[in-house]
Amino acid sequence: MEKDKFSVRDLDLYYGSNHALKKINLQIPERAVTALIGPSGCGKSSFLRCLNRMNDFIPGCSVSGKVELDGSDIYDANTDLIHLRRRVGMVFQRPNPFPMSIFDNVAYGPRLHGDRDRNTLRDIVEESLRVSALWSEVRDILHSPALALSGGQQQRLCIARAVAVQPEVLLMDEPTSALDPMATARIEELVRELRTRYTVVIVTHNMQQAARISDTTDFFLSGEMVESGPTQQMFTSPRDKRTEDYITGRFG
Amino acid sequence: MSGARKSKDRTATIMLWLVMALTCGMLALILAFLVSKGWSVLSWEFLTKKPRSMMTAGGISTPIVGTLQLVLVSMGFAFPVGVFTAVYLVEYAKDDWFTRALRLAVRSLAGVPSVVFGLFGLSFFVIFMGFGPSLLSAGLTLGCLALPVIVGASESALLAVPRDYRDASYALGATQWQTIRKVVLPAAFPSIITGAILSVGRVAGETAPIIFTGAAFFAPRFAKSIFDQVMALPYHVLILATAGTNIEKTRPIQYGTVLVLLFFVLGMTMTGVLWRARLRIRQRAQR
């Protein structure tokens, strides 16, 4: 029986008076890929950002309910945000490497958390770049600027950067929406491999992508979680009429 | 119809070109005037020797060094204070009435006439703090003058750092200070430097703030301590032009000094621009 990494109970999120997420209840299984799908503005990205509390930075944003990570509520007052974000890494919609060298980008996280030793850092950087399938392309240019890489390489670098702090969970917010089809295919392949080590939660507006790479799918609509289930079942025999309309392309 | 429109368009182009030519012409004229009056005295001796014979002969090494010292002291004070004020305003301050008032105050400071800074420096640094008329007092006064420029430039530079970088840093578990120190400040640094260099130009050319606070009419040697008075290029020009011992005879020295000051400021600006270009290239190499 697989274990749940996240257990979300009665989660409400407001931006000022805008009720963006309504009583969300769902489980996210460990070491599997969970896809969050739904039309633009349905709250899937907002939900994703609740899982590592990146919404804390948005003025006027308030959250109620419970988000349990391995059984303890991350919205508890005692939560150490630094520790939380170390356990729950994030990859963003647009590739956002820092204006530094490739090496320094990957070493950024470990250095934050106190790794100073050159050999240790070199090992972490190599290992992380191998995990993100970028090592063979950049092994000889580790000290050139990260911004000189192509968009797809930059996104894999961002994955390496997130992996370098040894997280348990990787949150991905439409990680391929700014990439061309070739680069997208490589990232998807990578996501499938990442599942063996990490719990992956990926937001996508692309249903084929969700069908290709995820084990579980959650369908969001207008701030509500409409349906949740194994991806296979979701795309072949959805229970809810709205899910069926969405995945058959009747709206969204 | 179309003919009228075309001729209007041509007129506009010509007008704009004329205005541009006027601006450039004025600058060229000023430069030509200064060069014709002062070029003759420019020499290695002029730059490296101290003034002699009641400042009617010799060089201007003491005011050159004095101006450099004033710039150093003022930047040593204004650069860190200005940058960190901007960091506070952009990264930490809440957007409330207090912050807005603070911003407005800093902006207005930039419009205060420089003689007011001079009087402030006199009553605060020279008298109240007891620094006396000195390199320190004059440098700090000039620093106050440069502060709003540096704060303004740093603020825009920090605001221009993409939100993405901050997000990426926080998502890796960085604290706010780690994010500022390792990502935001380095990314903003090239623009901050430009602002600072521009303010150096202003600091080096100001007379009013230093007259009461530490500029010497004449000093026989370089300032050895921050409590010594110093000669400065702009004040030296003022003296030669209005209070010298032999104004007509020293005209060439006066214009030579102006040229040196001008080249100094130009040189600083060029250095700033080149430095920024290099930093930019290092950060974001072309694909």
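Source: prediction; values computed, not measured. (Residues numbered from 1 in each chain as written. Chains lettered and ligands numbered in written order. Predicted model: local features only at pLDDT ≥ 70, side-chain atom pairs only at ≥ 80, totals over all residues.)

A. Just the sheet that holds strand β1 (residues 4–15) of chain A, in detail. Taken together, four strands build an open sheet; the order of strands is β2-β1-β4-β5 (chain A) and the sheet is antiparallel. Only two strands of the sheet have a single neighbouring strand rather than two, namely β2 (18–29) and β5 (72–73) of chain A. (Pairing = 2+ DSSP bridges. Helix = DSSP H or I, 4+ residues; strand = E, 2+ residues; numbered from the N terminus.)

B. Quick peek at the sheet that holds strand β8 (residues 199–203) of chain A. All names here are of chain A. Here six strands make up an open sheet; going across it, the order is β6-β7-β8-β3-β9-β10 and the pairing mixed. Lying at the two open borders of the sheet, with one neighbouring strand each, are β6 (88–91) and β10 (224–230). For this sheet, the mean angle separating the axes of adjacent strands, direction not counted, is 15 degrees. Taken together, the four bridges between strand β3 (residues 33–37) and β8 define a ladder with parallel strand orientation. Bridge assignment links Leu-36 to a residue of β8, and that residue is Val-203. (Axes fitted to C-alpha atoms, helices over the stretch in contact; angles between N-to-C directions.)

C. Focus on the interface of chain A and chain B. On the side of chain B, 17 residues touch chain A, which itself brings 22 residues to the contact. Only α2 (81–87), β6 and α3 (102–112) of chain A provide two or more residues apiece to the side of chain A that touches chain B. Split by residue class, the side of chain A that touches chain B holds 12 nonpolar, six polar and four charged. (Contact = placed C-beta atoms within 7 Å. Nonpolar A, V, L, I, M, F, W, Y, C, P; charged D, E, K, R; others polar.)

D. Here's a closer look at helix α7 (residues 181–194) of chain A. All names here are of chain A. Its 14 residues give α7 an end-to-end C-alpha distance of 20 Å, which sits within 8% of 20 Å, the value for a rise of 1.5 Å per residue. Inspection of α7 places Ile-187, Val-191 and Leu-194 among the buried residues, and these make up the whole buried set. Down the axis of α7, the buried side of the element spans an arc of 60 degrees, and every buried residue falls inside it. Of the exposed residues in α7, the ones pointing more than 90 degrees away from its buried face are Pro-181, Met-182 and Glu-193. Taken together, the buried residues of α7 touch β3, α6 (151–163), β7 (169–173), β8 and α8 (207–213). (Expected span 1.5 Å × (residues − 1). Buried ≥ 20, exposed ≤ 12 C-beta atoms within 10 Å, placed from the backbone. Arc of directions from axis to C-beta.)

E. Unusual backbone geometry, seen in detail. Residues and elements named next belong to chain A. We note that Asp-10 has phi near 50 degrees; this positive angle belongs to a residue other than glycine. Take Asp-10: it is sitting in strand β1. Positive phi is not limited to glycine here, since Glu-174 has a value of about 45 degrees. Its location among the elements puts Glu-174 in the loop between β7 and α7.

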